Number of protein chains: 2
Amino acid sequence: MAGKLTFWFELASTYSYLSAMRVDAMAEAAGVQVIWRPVPLGPIFGSQGWDTSPFTIYPAKGRYMWRDMERLCTARGLPFAKPDPFPQNSIHAARVALAALETPQGRAFCKALYTAQFAGGANIAERATLEAALRGVGLPVDMVEAAADPARKAELKACSDAAAELGLFGAPSFTVGDELYWGDDRLAEALDFAAAQPA
Amino acid sequence: MAGKLTFWFELASTYSYLSAMRVDAMAEAAGVQVIWRPVPLGPIFGSQGWDTSPFTIYPAKGRYMWRDMERLCTARGLPFAKPDPFPQNSIHAARVALAALETPQGRAFCKALYTAQFAGGANIAERATLEAALRGVGLPVDMVEAAADPARKAELKACSDAAAELGLFGAPSFTVGDELYWGDDRLAEALDFAAAQPA
């Protein structure tokens with residue numbers, strides 16, 4: 001009897017990693033249904049005049065982010081190591097995620113990619129990383145190749161466009177209807193709001 | 001028997017307003033001593049290539065900020081209205097704040113400026129706003145004029161330089177020794193850290 005929450009995540013985003021690892025448990029406790037939607041930030045950052053992560057463009061902000069992540073991961077008992085490169089190209093990974101999310105193993109696949117990248121130092125732009133994550137959750141590795149399908153590309157583009165339409169400018173973000181919440185720091189508020197909505 | 005927390009605030013910053021209105025009560029509950037330091041972000045933003053607030057430069061981020069503030073102020077029972085202009089020129093107000101903070105009424109003066117600006121629509125760049133705030137807390141209005149003293153200007157410059165040295169890139173920020181926390185969202189964590197340090 002609650003509203004739905006859409007969880008917009010960028011697979012190369014550190015703070016999206018934080019939310020991905022806790023959103024389902026928190027949503028279940030709040031009685032809220034969650035929809036996972038990958039949203040590569042490249043095009044959105046590009047429209048703001050950025051050609052890479054703001055953490056790379058603004059060094060003080062970047063230094064702070066790594067320390068902040070280190071503290072938050074320690075507090076939450078999550079493994080964390082700075083991946084190289086950062087940020088990673090997440091476009092194809094997001095297409096594979098869209099396909100995976102049509103199966104019951106989709107969320108586990110996304111979490112496996114976050115762990116590979118932010119705990120294991122793997123590059124999610126590499127086919128081997130995607131294949132290992134698919135294999136780990138029992139999905140067929142040919143989903144990597146299949147995700148290059150034009151229809152899948154169009155689906156991801158539509159996902160990005162929908163996010164931009166909702167005013168999204170960073171990740172993770174959460175939407176409940178038209179209401180936008182930005183950042184892992186707003187996850188609890190977003191769930192409270194969703195829980196208070198009619199189904 | 002706890003460490004000290006330095007609260008770095010920008011008088012024209014919406015999220016600094018949120019922290020200013022709660023930091024002392026939260027710090028008292030945590031047994032932590034707070035040092036208030038004004039830090040005009042103009043020079044720090046300038047070093048990042050910005051000539052105004054990022055909320056003005058990036059419209060989607062700006063639209064979100066106003067909605068986020070509206071929600072947070074409602075949840076905390078704080079009055080809030082978008083001031084015009086925004087952002088305001090806070091340089092002279094910060095110099096007056098430095099002088100005011102040498103008196104017992106300093107924090108009340110800063111809070112009065114936030115309320116005038118973010119609840120009353122006043123412009124803190126105007127002498128009348130500064131004088132009204134001083135008068136309201138029982139401080140002499142000639143502190144406005146006196147704050148133009150070169151020594152006071154140098155003191156504010158030193159304050160900004162110290163903030164930049166600590167890696168500060170936005171406001172509010174909190175430091176405990178070399179440990180930096182950015183944003184009203186990190187106030188509780190910063191206080192927890194301070195409370196765990198030796199005096």
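From a predicted model like this one, the values you see are computed outputs, not experimental measurements.

Chemist: Help me understand helix α7 (residues 106–118) of chain B in this model?
Modeler: An α-helical segment advances 3.6 residues per turn. Residues three or four places apart therefore align on the same side. Residues and elements named next belong to chain B. Taking 1.5 Å per residue as the helical rise, α7 with its 13 residues ought to reach 18 Å, and the 18 Å between its terminal C-alpha atoms agrees with that figure. For α7, the set of buried residues is Gly106, Phe109, Cys110, Leu113, Tyr114, Gln117 and Phe118. Projected onto a plane normal to the axis of α7, the buried residues spread over an arc of 145 degrees and lie on a single side. Against the buried residues of α7 lie β1 (4–9), α1 (14–20), β2 (33–38), α6 (91–100) and α8 (127–136).

Chemist: I would appreciate a short explanation of the relation of the copies chain B and chain A in the present structure.
Modeler: One chain copy maps onto the other through a rotation about an axis and a shift parallel to that axis. Screw-axis analysis of chain B against chain A gives a translation of 0.0 Å along the axis, an RMSD of 0.0 Å, and a rotation angle of 180 degrees. On the angle and the small slide along the axis, the relation comes out as a two-fold axis. Closest approach to the rotation axis within chain B is made by the C-alpha atom of B:Asp185, at a distance of 3.5 Å. Of the interface residues in chain B, 100% have counterparts in chain A that sit at the interface too, so the contact is made through matching surfaces.

Chemist: What is the right way to look at the sheet that holds β2(B) in this model?
Modeler: Picture the strands of a sheet paired through backbone hydrogen bonds; they go either parallel or antiparallel. All names here are of chain B. Strand order in this open sheet of four strands is β2-β1-β3-β4, and the pairing throughout is mixed. Edge positions in the sheet fall to β2 and β4 (179–182), since each of these pairs with one other strand and no more. Put simply, the sheet's adjacent strands are angled 25 degrees from each other on average, direction ignored. When β1 meets β2, the two strands line up parallel, connected through six bridges. Opposite Trp8, over in β2, you have Arg37 as the bridge partner. Where α7 meets the sheet, its contacts fall on β1 and β2, and the angle it forms with β2 comes to roughly 55 degrees. In the packing of helix α10 (residues 150–165) onto the sheet, the strands contacted are β1 and β2, and the crossing angle to β2 comes to about 115 degrees.

Chemist: I would appreciate a short explanation of the pairing of strand β3 (residues 173–176) of chain B in the present structure.
Modeler: Looking along a regular strand, one sees the side chains alternate between the two faces of the sheet. Residue and element names in this part refer to chain B. Burial along β3 is two-sided: Ser173 and Thr175 and Phe174 and Val176, pointing in opposite directions, are all buried. In this sheet, β3 lies alongside β1 in antiparallel orientation, the contact comprising three bridges. Residue pairing for β3: Thr6 is matched across the bridge by Thr175. Pairing between β3 and β4: four bridges, direction antiparallel. The partner of Phe174 across the bridge, within β4, is Tyr181. Taken together, β3 and the strand that follows it, β4, pair antiparallel across an intervening segment of two residues, in which Gly177 is found at a positive phi of about 60 degrees.

Chemist: What is the right way to read the interface of chain B and chain A from this model?
Modeler: Facing 19 residues of chain B, the contacting portion of chain A comprises 19 residues. Taken over both partners, the interface formed by chain B and chain A buries close to 1,900 Å², and the fraction arising from carbon and sulfur atoms is 50%. Of all residues in chain B, B:Tyr58, B:Tyr64 and B:Arg186 give up the largest surface area on contact with chain A, accounting jointly for 30% of the area buried on that side. Here A:Arg186 makes a salt bridge to B:Asp185, at a shortest N to O gap of 2.9 Å. Run the count over chain B and chain A and you get 15 residue pairs in polar contact (both at pLDDT 80 or more). For the side of chain B that touches chain A, the secondary structure elements donating two or more residues are α5 (59–76) and β4 of chain B.

Chemist: Please clarify how the side chain of A:Thr129 should be interpreted in this entry.
Modeler: Relative to the helices and strands, A:Thr129 is located in helix α8 (residues 127–136). When sequence neighbours within four positions are dropped, the list of residues in contact with A:Thr129 reads A:Leu113, A:Ala116, A:Ala122, A:Asn123 and A:Ile124.

Chemist: Hey, could you run me through the confidence of the model for chain A in this one?
Modeler: Any segment with low pLDDT has predicted coordinates that should not be analysed in fine detail. Mean pLDDT over chain A works out to 95, with 99% of the residues at or above the 70 mark. With pTM at 0.94, the complex prediction returns an ipTM value of 0.92.

Chemist: Looking at this structure, I do not really get helix α5 (residues 59–76) of chain A. What am I missing?
Modeler: Helix length check: α5(A), at 18 residues, gives a terminal C-alpha distance of 26 Å against a target of 26 Å (1.5 Å per residue), a fit within 8%. Looking at α5(A), one finds that the buried residues are A:Ala60, A:Lys61, A:Gly62, A:Tyr64, A:Met65, A:Trp66, A:Asp68, A:Met69, A:Arg71, A:Leu72 and A:Cys73. In this structure, the buried side of α5(A) is in contact with α1 (14–20) and α4 (54–57) of chain A together with β4 of chain B. A:Gly77 sits one or two positions beyond α5(A) and adopts a positive phi of about 70 degrees.

Calculation notes
- Residues numbered from 1 in each chain as written.
- Chains lettered and ligands numbered in written order.
- Predicted model: local features only at pLDDT ≥ 70, side-chain atom pairs only at ≥ 80, totals over all residues.
- Heavy atoms only, no water.
- Helix = DSSP H or I, 4+ residues; strand = E, 2+ residues; numbered from the N terminus.
- Expected span 1.5 Å × (residues − 1).
- Buried < 20%, exposed > 50% of the residue type's maximum accessible area, 1.4 Å probe, protein only.
- Arc of directions from axis to C-beta.
- Contact = heavy atoms within 4.5 Å.
- Least-squares fit on C-alpha atoms with pLDDT ≥ 70 in both.
- Pairing = 2+ DSSP bridges.
- Axes fitted to C-alpha atoms, helices over the stretch in contact; angles between N-to-C directions.
- Buried area = accessible area lost by both parts, 1.4 Å probe.
- Salt bridge = Lys/Arg side-chain N within 4 Å of Asp/Glu carboxyl O.
- Polar contact = N/O pair within 3.5 Å; in protein donor to acceptor, adjacent residues only side chain to side chain.
- pLDDT = per-residue confidence, 0-100.

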